[in-house]
Amino acid sequence: MSLFLIGDPHGRIDEYLKLLASLPPGSRSVTLGDMYLGRPDVHLPELPAEHKFLRGNHDDPALCRAHPNFLGDFGYLPDDELFFVSGAQTASWRVLGHSKYWYRDEELSESDLNKAIAIYKETRPKLVISHTAPSEAAREILKGLHGSYFLNKEVDIESRTSRALQEMFEAHQPSAWYFGHFHVNRESLIGKTAFRCLGEMAVYELPQPVFQACGL
């Protein structure tokens, strides 16, 4: 079965549901975060089991963990040799301004990130999906992008999530690494790893030979 990755929906749930319905029959999907769970006008119904999502920095962590389609904070899918990590740091102006939709546990704790790093080093995955990117990849994605929005995104480069992801990357370079968060469609090859950032609601089908029997 094909596995599709989907960029941040940002609360556009009706559009997101139509997108899922448009995928080929039997397809699976993982959305890379920022569903906007926790906002009063956003309701994500229970989806078929083959459709999962990660948690972004604009998602209420408690609501995500209670949702049946939440893939999890971090983990490894052995059938697909796929590792995943949720969470990210919000732009600095939101944190400093105590934004209404800013969650103090938007990033995994140091303890959980250390657990994730240990699993990653043990499993040495072929593919990785996350909401944000390792520090080095984030720099490459932001290179040449101008304006206050992308300037604010630069704070994420040294967040504890990006630093933890960077530690993973330096310990083992997977074949490919996919993420959202930066809202642009961009690719970058760093070492042996092809990094791909997906823009808002962008859809990317993972190469079929890698995915034979995903346990989603």
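Residues numbered from 1 in each chain as written. Predicted model: local features only at pLDDT ≥ 70, side-chain atom pairs only at ≥ 80, totals over all residues. Heavy atoms only, no water.

Draft legend 1. Inspection of unusual backbone geometry at higher detail. Positive phi, normally seen in glycine, also occurs at Glu-81, with a value near 50 degrees. With respect to the secondary-structure elements, Glu-81 resides in the loop between β4 (74–77) and β5 (82–85). (Helix = DSSP H or I, 4+ residues; strand = E, 2+ residues; numbered from the N terminus.)

Draft legend 2. Seen up close, the pattern of salt bridges. Scanning the entire structure with this criterion turns up 12 salt bridges. In this structure, the salt-bridge partner of Arg-12 is Glu-200, at a minimum N-O distance of 3.1 Å. Remark: Glu-200 occurs in the loop between β9 (193–197) and β10 (203–205) and Arg-12 occurs in the loop between β1 (3–6) and α1 (13–22); sequence separation between them is 188 residues. Given the relative accessible area of 30%, Arg-12 is considered partly exposed. Looking at Glu-200, the relative accessible area reads 37%, which means it is partly exposed. The partner of Asp-112 in a salt bridge is Lys-115, with the nearest N and O atoms 3.9 Å apart. Taken together, the residues span about one helical turn, with Asp-112 and Lys-115 both in helix α4 (residues 110–123) at a distance of 3 residues. On the basis of relative accessible area, Lys-115 is assigned to the partly exposed category, the value being 46%. (Salt bridge = Lys/Arg side-chain N within 4 Å of Asp/Glu carboxyl O. Buried < 20%, exposed > 50% of the residue type's maximum accessible area, 1.4 Å probe, protein only.)

Draft legend 3. How the structure looks around the sheet that holds β9. Strands sit in the order β4-β5-β6-β7-β9-β8 across an open sheet of 6 strands; the sheet is mixed. Because the sheet does not close on itself, it has two edges, and the strands there are β4 and β8 (186–190). When strand polarity is set aside, the average angle formed by the axes of neighbouring strands in this sheet is 15 degrees. Across 5 bridges, the pairing between β8 and β9 is antiparallel. The partner of Leu-189 across the bridge, within β9, is Ala-194. On top of the sheet, helix α5 (residues 135–142) reaches β7 (176–179), β8 and β9; it is set at about 135 degrees to β8, its chief contact. (Pairing = 2+ DSSP bridges. Axes fitted to C-alpha atoms, helices over the stretch in contact; angles between N-to-C directions. Contact = heavy atoms within 4.5 Å.)

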